[in-house]
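# Residue-level structure breakdown
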Amino acid sequence: MQQPELLDASVVRAWVSTAARALAEARAEIDRVNVFPVADGDTGTNMYLTIRDAAAAVHAAPADAGGARLLRLAARAALRGARGNSGVILSEWLRGLTVAATRGDSLAIALDVAARTARHAVAHPAPGTILTAAESAAAAARHAEAGGMVGPAGAAARLSTTDAACRGAREAALRSVGALEPLRAAGVLDAGACGLVLVLRSLAAAQRAAAEGVSEADGSIGPVLLDIDLRGHAAPSAGEAAEGDDGSRTGRGTGPGGALPAGGPEGGHERSHGHPHEHPHEHGGVATDDVELMFLLERSASAADFSPGAVADALRADLDDVGSSVVVVGGAEDGTGADDVDRSLWQAHVHTADLDAALGVARRWASRGAVSRVSVRHLAVPPDRWAVVVTTAAPALAAELARGGAVVVLDLDVPPTAADLVAAAVGAGAPRVLVLAPEALQTDPVGPGAGAADGPEAAPEIVRVVAPGDVHVVAGMSALAATLDDPREQDAGVPDAVGAVVAGLRVGGGPAVTVGAIVKRLVAGSPIAIVTLLPDDDVPDATVEVLASRAAAVSDGADVVVMRTGRPGDHVAIGVEPLAVDAAEGPA
């Protein structure tokens, strides 16, 4: 039976929705085996959320939209919404596929372009990853398109191009355990490679459904599942890898009902070891103080200061100087932004122990375009019962907040939007997310990707607490930590406990010479628990020490927290938190 081409609108619609459901179903199991390049247990989640945004954009498209337009919309949405290392790579793979397919290339050639585009986006590619799976899928597809891929016993004499690609990706995933030391040590398969297998199998299912006249709208396309035991304790032989792989939903190594079996390191957070300045893509190491920085760069497609393709190369080189796991995707040459032909978009990703230097790169590029969706999170602080999303314009404070467990949406160039905060909350990786931000950013966004998650995974519960300024954010973070440490406190009481502290905060600020008098006024009349001082960078260290001592003295020995903002200037923001008995009475 001849399968529809990738540009068939019904195939595109069915593909992205099926892939979103498949990744939603498998995200937890894939997260558990995420040990490379960083064992932060979020590869399945990041790939799911990236494809989910693509599916939302396609779902919102007009009913008469053609396949080419749907592919472009999906690629653009995935690029904008890409999460983490794996999500960014997946978005570039989809972009490459879209570029080739919309110019009329065959599926095999499109898969080859996708694989090469994704590999080029990574500063230091490693074997055995999603990149290897993409290349193996493309090679198998080219072989099948040339008439040389034989199916297993009982199946069609020749595999289709897509089924061959599924087989190639699956074999690469099975081999991945022997390709990298972190995978060998944990006895698991590469999480990103397994995620790509699901994406390709979803494409095969969509093509079959379209050929048979089945619509994805009526939900009659069955679930797409992996048939791989992710706990691959040894590299399989070529014969074992190929056995029974015909793109079907069942086979060797399945768990009950063909579902993914649990596996991998407990909790998914074991870390591989390495030196702080080595590239994790090369050695599997990560500095214990590393943070993940991501941002979008948008600029005119007609800007003449860079040749085609040179923006990504230059930005990638800049980020490679300040960190590792560098991926830069997007570009001007593809036409994926056909509805906005004069704007080109890039997504940048880096792991770094020097956030200030990495933000310096983002600032330099802000002079060449618009930098938005700047997010920072600490790689060694996974969320637990609650995640927290905050926003600030203070770069040094952003680093401290990330080390405290927050996902920080940084106001660096283009101000954050309510949609940016919701996107950060959805991707935070916890069942409940507390958002600390000004009231203007606490509205519900409208548009593709803004609603609840597709598939079996529910969207997180997002709870908003208005935090007008940086001192409110710091107080809210501190209150959240204290509340979660209290065994008497139930999750239902967390928002009220944090909200009471933030609402009861006494705030002030001014030049450093006025801080002593302001603190004295703010602490008057009641016992004080915490005094927070946020000095700008031009306030000398010696002055900060004097201010902290004075604050402790006038507050009768309260804890004094000092955090630099990282902004130029001589201003000091002040927050005074009364003891709980006073906080319950409301703000002074």
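Residues numbered from 1 in each chain as written. Predicted model: local features only at pLDDT ≥ 70, side-chain atom pairs only at ≥ 80, totals over all residues. Heavy atoms only, no water.

Attention shifts here to the overall build of the protein. A tally of regular secondary structure across the protein gives 20 helices and twelve strands. In the protein, which comprises 588 residues, the proportion classed as buried is 56%. Pairs at least 24 residues apart make up 77% of the contacts formed inside the protein by residues separated by at least 6 positions. For the protein, the exposed area adds up to about 22,400 Å²; of that, 53% sits on carbon and sulfur atoms. (Helix = DSSP H or I, 4+ residues; strand = E, 2+ residues; numbered from the N terminus. Buried < 20%, exposed > 50% of the residue type's maximum accessible area, 1.4 Å probe, protein only. Contact = heavy atoms within 4.5 Å. Areas by Shrake-Rupley, 256 points an atom, 1.4 Å probe, with all protein chains shown as cover.)

All right, on to the nonpolar core then. Buried together is how nonpolar side chains tend to be arranged in soluble globular proteins. Ranked by internal contacts, the top residues of the largest apolar core, which has 95 residues, are Trp15, Trp93, Leu111 and Leu196. The dominant element in this core, judged by the number of residues it contributes, is helix H9 (residues 191-211), at 13 residues. Among all residues touching Leu111, those that are not within four sequence positions of it are Trp93, Leu97, Ala138, Ala141, Ala165 and Leu200. In this structure, Val374, Ala394, Ala399 and Met563 belong to the second largest nonpolar core, which totals 56 residues. (Core = buried A, V, L, I, M, F, W, Y, C linked by side-chain atoms within 4.5 Å.)

A cluster of acidic residues, Asp354, Asp356, Asp537, Asp538 and Asp570, forms a negative patch at the surface. Within the secondary structure, Asp538 is located in the loop between strand E10 (528-535) and helix H19 (541-554). (Patch = residues over 30% accessible without salt bridge, like charges linked within 9 Å, V, L, I, M, F, W, Y side chains within 5 Å. Salt bridge = Lys/Arg side-chain N within 4 Å of Asp/Glu carboxyl O. Lys, Arg positive; Asp, Glu negative; His and termini not counted. Charge placed at Lys NZ, Arg CZ, Asp CG, Glu CD.)

This part is about helix H7 (residues 161-175). Turn by turn, an α-helix covers 3.6 residues, leaving residues three or four places apart pointing in a common direction. Along its 15 residues, H7 runs 21 Å from first to last C-alpha, staying within 8% of the 21 Å computed at 1.5 Å per residue. Among the 15 residues in H7, 14 count as buried, and that is most of the element. (Expected span 1.5 Å × (residues − 1).)

What follows deals with the pattern of salt bridges. Summed over all chains, the structure comprises 19 salt bridges. For Glu292, the salt bridge identified is with Arg377, shortest N-O distance 2.8 Å. With a gap of 85 residues between them, Glu292 in strand E1 (residues 291-300) and Arg377 in strand E4 (residues 370-378) connect regions that are remote in the sequence. Of the two residues, Glu292 and Arg377, both sit in the buried class. Note that Arg403 is salt-bridged to Glu400, the shortest N-O span being 3.5 Å. Highlighted residues: Arg403 and Glu400, both in helix H14 (residues 395-403), separated by three residues, approximately one helical turn.

With that out of the way, let us pick up the sheet that holds E4. The strand order E2-E3-E1-E4-E6-E5-E7-E8 describes an open sheet built from eight strands, whose pairing is mixed. The two strands at the open ends of the sheet, each matched to only one other strand, are strand E2 (324-331) and strand E8 (461-466). Within the sheet, the average angular offset between the axes of one strand and its neighbour, ignoring direction, is 15°. Two elements, E2 and strand E3 (residues 343-352), share six bridges in a ladder whose sense is antiparallel. Residue Ser324 lies in a different strand from E3, and its bridge partner there is His351. With respect to the sheet, helix H16 (residues 470-485) is in contact with strand E5 (386-392), strand E6 (406-410) and strand E7 (432-437), its orientation differing from that of E5 by roughly 170°. (Pairing = 2+ DSSP bridges. Axes fitted to C-alpha atoms, helices over the stretch in contact; angles between N-to-C directions.)

Structurally, Gly469 can be placed in the loop between E8 and H16. Sequence separation between Gly469 and Val507 is 38 residues, and the spatial gap between their C-alpha atoms is 9.2 Å.

A word on the sheet that holds strand E12 (residues 571-578). Spatially, four strands are ordered E9-E12-E10-E11 in an open sheet, and the strand pairing comes out mixed. Sheet topology places strand E9 (506-511) and strand E11 (559-562) at the edges, where each strand pairs with a single neighbour. Between one strand axis and the next, the sheet turns through 15° on average, direction left out of account. Sheet topology note: the E10/E12 ladder contains seven bridges and is antiparallel. Following the sheet pairing, Ile528 is matched in E12 by Pro578. In this fold H16 packs onto E9, E10 and E12, with an angle of close to 135° to the strand it touches most, E10.

On average, residues of the protein carry a pLDDT of 81, and 80% of them reach 70 or more. Considering only residues more than four positions removed or in separate chains, one finds that residues 446-456, a stretch of pLDDT under 50, has 23 contacts. Confidence drops under pLDDT 50 across residues 582-588; counting only partners more than four residues distant or on other chains, this segment forms seven contacts. (pLDDT = per-residue confidence, 0-100.)

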